[in-house]
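Geometric and topological summary
Now for the letters of each chain:
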Amino acid sequence: QGCVWEVPIPLLEPEIYTYNFIVDGVAVNDPANFKVQRDGTRFLNMVFVPGARSSVYNEAKHRGNLTTLWYDSALLGINRRMVVYTPYGYDDPKNKKVKYPVLYLLHGGGGDEEAWSSMGRAAQILDNLIEQGKAVPMIVVMPNGNPNQQAAQTLGIETSNVNLPDPAYAN
């Protein structure tokens, strides 16, 4: 028979919170919660506490697109991956001549090209802020800032040995 555990906690401030369970020393996700984010190589369940501050984490009425793109890095000599956000309406033929500002959004330590879209909910935040008139429609480029990686480590692609102090990488 399975056990049901319950832990009362004080009411949390509106935000996204992550958790998992430690069972016999092993981190496991909650099988009853499909909301998951990836942090490096760990997957964590998410809980959304509703409120004014966390409202931008929800899906907006009009949603943009996240596209995963590969490109050749001449400097590093490898094919690399990035994630690009385009706002709602970007692909509409009526908007072909619209010029959009571009924001380059780099992850923190231990992150990769998926960090802002998985952990940071960048697309949802941008969709909501644009819909509310608090941000202009823009393109957001989220590259992998780890020069030894072609893409997120979860893809299992081998990393390269990059000696950043080598003058060949100076630009």
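Our subject is the structure listed above.
Attention in this report is confined to the structure presented alongside it.

What counts, and at which threshold
- Residues numbered from 1 in each chain as written.
- Predicted model: local features only at pLDDT ≥ 70, side-chain atom pairs only at ≥ 80, totals over all residues.
- Heavy atoms only, no water.
- Pairing = 2+ DSSP bridges.
- Helix = DSSP H or I, 4+ residues; strand = E, 2+ residues; numbered from the N terminus.
- Axes fitted to C-alpha atoms, helices over the stretch in contact; angles between N-to-C directions.
- Patch = residues over 30% accessible without salt bridge, like charges linked within 9 Å, V, L, I, M, F, W, Y side chains within 5 Å.
- Areas by Shrake-Rupley, 256 points an atom, 1.4 Å probe, with all protein chains shown as cover.
- Salt bridge = Lys/Arg side-chain N within 4 Å of Asp/Glu carboxyl O.
- Contact = heavy atoms within 4.5 Å.
- Buried < 20%, exposed > 50% of the residue type's maximum accessible area, 1.4 Å probe, protein only.

**Let's talk about the pairing of strand β6 (residues 65-73)**
The pairing of β6 with strand β7 (residues 78-86) spans 9 bridges and is classified as antiparallel. Directly across from Thr67, in β7, lies its bridge partner Val84. In sequence, β6 turns back onto β7 through a hairpin of 4 residues, with Gly77 there showing a positive phi of about 70°.

**Some remarks on the sheet that holds strand β1 (residues 15-19)**
Pairing is antiparallel in the open sheet, where 3 strands are placed in the order β1-β5-β4. At either end of the open sheet lies a strand with only one pairing partner, and these are β1 and β4 (36-39). Strand-to-strand twist of the sheet, defined as the mean angle between neighbouring strand axes without regard to direction, takes the value 45°. Pairing of β1 with strand β5 (residues 42-49) involves 5 bridges; the strand directions are antiparallel. What sits directly across from Thr18, in β5, is Met46.

**Details of a nonpolar patch on the surface**
Together, Phe21, Val23, Val26 and Val28 line one region of the surface with nonpolar side chains, adding up to about 300 Å² of accessible area. Contributing elements (two or more residues each) for the nonpolar patch: β2 (21-23) and β3 (26-28).

**Some remarks on the sheet that holds strand β8 (residues 102-104)**
Ordered by their spatial adjacency, 4 strands build an open sheet running β6-β7-β9-β8, and the pairing between neighbours is mixed. The open sheet has two edge strands with one neighbour each: β6 and β8. Adjacent strand axes in the sheet meet at a mean angle of 25° when their direction is disregarded. The strands touched by helix α2 (residues 122-131) within the sheet are β6, β7 and β9 (139-143), with β7 carrying the most contacts at an inclination of about 30°.

**Overview of the pattern of salt bridges**
Inspection of the entire model under this criterion finds 8 salt bridges. Notably, a salt bridge pairs Glu59 with Arg121, separated by 3.9 Å at the nearest N-O pair. Placement of the pair is Glu59 in the loop between β5 and β6 and Arg121 in the loop between α1 (115-118) and α2, with a sequence separation of 62 residues. Glu59 sits in the partly exposed class, given a relative accessible area of 47%. Judged by relative accessible area, Arg121 falls into the buried class, the value being 12%. Across the salt bridge formed by Arg81 and Glu114, the nearest N and O atoms sit 2.5 Å from each other. Here Arg81 is found in strand β7, whereas its partner Glu114 is found in the loop between β8 and α1, with 33 residues between them in sequence.

**Some points on unusual backbone geometry**
Unlike most non-glycine residues, Asp24 shows phi in positive territory, near 50°. Mapped onto the elements, Asp24 comes out in the loop between β2 and β3. With a relative accessible area of 78%, Asp24 lands in the exposed category.

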